[in-house]
Amino acid sequence: DGACNYIARMNSDDISQPPTSGDWTMNCAGNYQLQFLILLELTTTGTLTTTMKGAGTNTVMTTTTRAPVFDAPRSLTLSGACAYKRAMNGLTYDLAGTSADGWPFYKAKGVDEYIYHDADCDGAGINTVAMWV
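A. Inspection of the environment of Asn27 at higher detail. Counting through the fold element by element, Asn27 comes out in strand β2 (residues 21-28). As for Asn27 and Cys82, which are separated by 55 residues in sequence, their C-alpha atoms are 8.7 Å apart. Separated by 2.9 Å, the side chain of Asn27 and the backbone nitrogen of Gly30 make a polar contact.

B. Here's a closer look at the sheet that holds β2. Pairing in this closed barrel of eight strands is antiparallel, and the strands run β1-β2-β3-β6-β7-β8-β9-β10 around the ring. Inspection of the sheet shows strand β9 (residues 114-118) paired to strand β10 (residues 131-132) by two bridges, in the antiparallel sense. Residue His117 lies in a different strand from β10, and its bridge partner there is Trp132.

C. View of the environment of His117. Inspection of the secondary structure puts His117 in strand β9. C-alpha of His117 to C-alpha of Gln17: the two residues are 100 residues apart in sequence and 8.3 Å apart in space. His117 has contacts with Ser12, Asp13, Asp14, Ile15, Trp103, Ala130, Met131 and Trp132, leaving out every residue within four places of it along the chain. Polar contacts involving the side chain of His117 include one to the main-chain carbonyl oxygen of Ser12, which spans 2.8 Å.

D. Spotlight on the side chain of Gln35. In this structure, Gln35 sits in strand β3 (residues 31-42). With residues near it in sequence (within four places) discarded, Gln35 still touches Gly22, Asp23, Trp24, Met26, Cys28, Gly80, Ala81 and Cys82.

Cut-offs applied
Every chain is numbered independently, its residues counted from 1 as its sequence is written. Residues qualify for local features only when their pLDDT is at least 70, as the model is predicted, and side-chain atom pairs are given and counted only at 80 or more; totals for whole chains, interfaces and linings, by contrast, use all residues. With hydrogens and water set aside, each side-chain value is computed from the structure's full complement of heavy atoms. Secondary structure follows DSSP: runs of H or I at least 4 residues long count as helices, runs of E at least 2 residues long count as strands, and numbering of each begins at the N terminus. What qualifies as a polar contact is a pair of N or O atoms within 3.5 Å, subject to a donor-acceptor requirement within protein and to the restriction that residues adjacent in sequence count only when both atoms come from side chains. Strand pairing requires that DSSP identify at least two bridges connecting the strands. Any two residues having at least one pair of non-hydrogen atoms within 4.5 Å are treated as being in contact.

Right, here's the structure in full:
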């Protein structure tokens, strides 16, 4: 249709991961305005504690898991949305895979909201600006 439909966008040629903070153009009740959004990277840390009876020893193991795709964060939490989109604040977006172009994309837990890189959002071709939406 020649139009790019999005809740928020940030122009960027960096396809490795969404910007962690900055001014995004956000649709707030039909008005597009700049909103300073933060995508905080979450790390997964698991702790296993084992106590052996009789031996009196404690073993503690801690691991941190990161996504293998472009070294992209595995999970991101959003904050800074406008009042109209305040329900998005606190949403966690998990790395869901890669697009057909091989770029990482994220899906919010519990809702159908996504973060992805689009090199041609409006379908106009190479003269458009690439963006995270």
